[in-house]
There are 2 protein chains.
Amino acid sequence: MAVPAPAVKSLERTGHRLLEQARLRVQPQLRERVEGRLTHNRAGAGYHLGWLDGHGRPAKAWTGKAVRPALCFAAAEAAGGCAGEALPEAVAVQLVHDFSVTHDDLIDEDRMRRHRPALWAALGMPTAVLCGDALLSLAFTALTDAGRGGRALARLAEAPVEMIEGEALDVAFERRERVRPGEYTAMAAAKTGALMGCACALGTVAAGGDERRARLMAAFGRHLGVAFQITDDLLGICGRQEVTGKPVGGDIAVRKKTLPILIALASATAEGEELAGLYAHRGELSPEQVARAAHLVGQAGGVRAARQERDRELKLAHAALAETAPAPAGRRNLLALAHLLTHRNS
Amino acid sequence: MAVPAPAVKSLERTGHRLLEQARLRVQPQLRERVEGRLTHNRAGAGYHLGWLDGHGRPAKAWTGKAVRPALCFAAAEAAGGCAGEALPEAVAVQLVHDFSVTHDDLIDEDRMRRHRPALWAALGMPTAVLCGDALLSLAFTALTDAGRGGRALARLAEAPVEMIEGEALDVAFERRERVRPGEYTAMAAAKTGALMGCACALGTVAAGGDERRARLMAAFGRHLGVAFQITDDLLGICGRQEVTGKPVGGDIAVRKKTLPILIALASATAEGEELAGLYAHRGELSPEQVARAAHLVGQAGGVRAARQERDRELKLAHAALAETAPAPAGRRNLLALAHLLTHRNS
């Protein structure tokens, strides 16, 4: 997006401030909910959420980025309400996100999460399965305890169904020889877009927004989610470990088929061919091969085309938002979050 | 329970008829819901639910017993409504049950379920995790699609939280040297009782029953659930494989600490000592050792005492039901189900 540099800085500052505010708002609620309801899954959930270490001792506080709560709050403001009205919704979407993270890490054998060993790697498969289940269930109680009705609960219930479908498709992609870039964005819309859309729709509903607004805000969040996922994919190739907390070229080392890689593989270039050869290689790739593969993705145009696709999704998000005629403060906050989430380095 | 033999036969016939009716009512809904909402998890869910084989080809229809739907329908009748009013609720509780089964089998490494390999054993861990997640999420959409409000959804959301806590406690028991029989029944109340209680409460709510009635019906279902679990434990020691679909003494072979076993271990008898020795034995138990252990559980009084505990829970269930002054047809059906579920051979 062509935004002048000073405006970019201001957007970034606003985005960071909103994430920090969301974190501060949601964290005590999250902890109270988890510790108030869970006994036998408390150590596992507390480890995943960051306030316990692997031995059940206090660790530093929650390490989540609070992306979805921040969207939820800003959506409530955009609908003319105030952020606080959407607190149960913000807690619920964060819990659904943490549910999906614990299960997806296990399924994908991703060993690192938020700069620490993933829950399954630290405390085992049974703990990861049960804690994920508990977090999902607690998301629903976050809404029912707040007296929310069928409309909000219906929105919350749809998101995980779609996310799980997206994850299953992602798993299937890893086994398939060819995946078209378009199939990939459909997967990302389900796996990542559904919950961001849900966060925006629930914030809207909490502030009394009507169904048309909720639908448009769901579309905003969904497109933003795809752009966010592509940003993640770009970081999985070009990100620096000390910032992301994940190994450089980590997606390549485990032969993930993310968008830049799929575009490079489909590019009909010499670099794409060489990349396909590396991907067909059995056994572990050496650090040199991983670095070479990352270089090839760029040379074959995968990075540039993925950036274009990210920008296209971001534009669609902006268009959906504009249609809702959002309240100014909410609009500014949503645009700041959208910018930050798609132009980040971690 | 001292019930004359002809009355027992009649209760059993009624119970079987109710389960069969519940199966016929719920099965098409279950299938429509799963196939209408799932694409990438359809094969896994269809395998677990019985209408597909491990290669995605049609198999015989759903093989579940429909225990929780039958309770839900009968509870609606006991509240003065008709069974059909509680159809979305019956589907929802069956889905929550199937969610817990797919995850618990994985966690407990139980390889057989309903006379076939368990989902994780047939199609792998990722499929079992995702399909379980999907079934849980679909349970909520079963209620929201039917336009149900916060009251029903709150009841539905509480059940999995408690079930997951119960399963985590069960897992912890397997690692502990000593578990008191009282701790065990508390675990069973969470793991098994919570959902049966939820089924009865949701049936009550669907038929317009008030909160007092819903609470009492939840207590009825919860006590019945504990009695049902103890019956399961007894079958895990004395059940015949051709009827249960699980290996004889299967619970012993994997050193499960079920109620009859815990009572035998705590019995301070020579047989209890010998059993403790077998349980402390590292490595796999031979079929002879498993048979010997099963014999010792009986000799140490574990089977008899567990039966008494089952009957005590069943009495508490009856007492809760009586307090609701149930409509006669509903009452008869609930008593028939309660009898069948606690005096079964599979």
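Anything mentioned here points back to the structure above.
**Description of the overall build of chain A**
Right, so step 1: Looking only at helices and strands, chain A has 16 helices and 2 strands in total.
Right, so step 2: Since a compact globule built from 346 residues should have a radius of gyration of about 20 Å, the 20 Å found for chain A is in line with a globular shape.
Right, so step 3: Along the three orthogonal principal directions, the C-alpha set of chain A runs to about 60 × 50 × 35 Å.
Right, so step 4: The buried share of chain A, reckoned over its 346 residues, is 58%.
Right, so step 5: Counted over contacts in chain A with a minimum sequence separation of 6, partners at least 24 positions apart contribute 74%.
Right, so step 6: Per element, the accessible surface of chain A, about 13,700 Å² overall, is 52% carbon and sulfur.

**Remarks on the nonpolar core**
Right, so step 1: Judged by nonpolar contacts, the single largest core of 164 residues is most densely connected at Leu71, Leu156 and Phe220 of chain A together with Leu71, Leu156 and Phe220 of chain B.
Right, so step 2: Those residues in contact with leucine 71 of chain A that lie beyond four places of it in its chain are Met196, Ala199, Cys200, Phe220, Leu224, Leu334 and Leu337 of chain A.

**Examining the packing of helix 4 (residues 87-108) of chain A against helix 6 (residues 125-145) of chain A**
Residues and elements named next belong to chain A.
Right, so step 1: Helix 6 packs onto helix 4 with a crossing angle of 160° between their chain directions and a minimal axis gap of 8 Å. When the axes of helix 4 and helix 6 are compared, the pair comes out roughly antiparallel. For the pair helix 4 and helix 6, the crossing hand works out as left-handed. Contacts between helix 4 and helix 6 involve Pro88, Glu89, Val91, Ala92, Leu95, Val96, Asp98, Phe99, Thr102, His103 and Leu106 on the former and, on the latter, Met125, Ala128, Val129, Gly132, Asp133, Leu135, Leu136, Leu138, Ala139, Ala142 and Leu143.
Right, so step 2: In terms of residue class, the contact of helix 4 with helix 6 is made up of 16 nonpolar, 3 polar and 3 charged.

**Quick notes on the packing of aromatic side chains**
Right, so step 1: Counted under the stated rule, the structure contains 1 aromatic pair over all chains.
Right, so step 2: Between phenylalanine 140 of chain A and phenylalanine 140 of chain B, the ring centres sit 3.6 Å apart and the planes meet at 0°, which makes this aromatic pair stacked. Taken together, the positions of phenylalanine 140 of chain A in helix 6 and phenylalanine 140 of chain B in helix 6 (residues 125-145) put the pair across two chains. Comparing phenylalanine 140 of chain A with phenylalanine 140 of chain B shows no difference in burial state: the two are buried.
Right, so step 3: Stacked on the ring of tyrosine 47 of chain A, the Lys or Arg arginine 116 of chain A has its end atom at 4.0 Å from the ring centre.

Cut-offs and rules
Residues numbered from 1 in each chain as written. Chains lettered and ligands numbered in written order. Predicted model: local features only at pLDDT ≥ 70, side-chain atom pairs only at ≥ 80, totals over all residues. Heavy atoms only, no water. Helix = DSSP H or I, 4+ residues; strand = E, 2+ residues; numbered from the N terminus. Rg over C-alpha atoms; globule rule 2.2 N^0.38 Å. Buried < 20%, exposed > 50% of the residue type's maximum accessible area, 1.4 Å probe, protein only. Contact = heavy atoms within 4.5 Å. Areas by Shrake-Rupley, 256 points an atom, 1.4 Å probe, with all protein chains shown as cover. Core = buried A, V, L, I, M, F, W, Y, C linked by side-chain atoms within 4.5 Å. Axes fitted to C-alpha atoms, helices over the stretch in contact; angles between N-to-C directions. Parallel < 35°, antiparallel > 145°, perpendicular 65-115°, else oblique. Left-handed = near helix turned anticlockwise from the far one by under 90°. Nonpolar A, V, L, I, M, F, W, Y, C, P; charged D, E, K, R; others polar. Phe/Tyr/Trp six-rings, centres within 6.5 Å; stacked < 30°, edge-to-face > 60°. Lys NZ or Arg CZ within 6 Å of the ring centre and 35° of its normal.

That is the geometry; function is a separate question.
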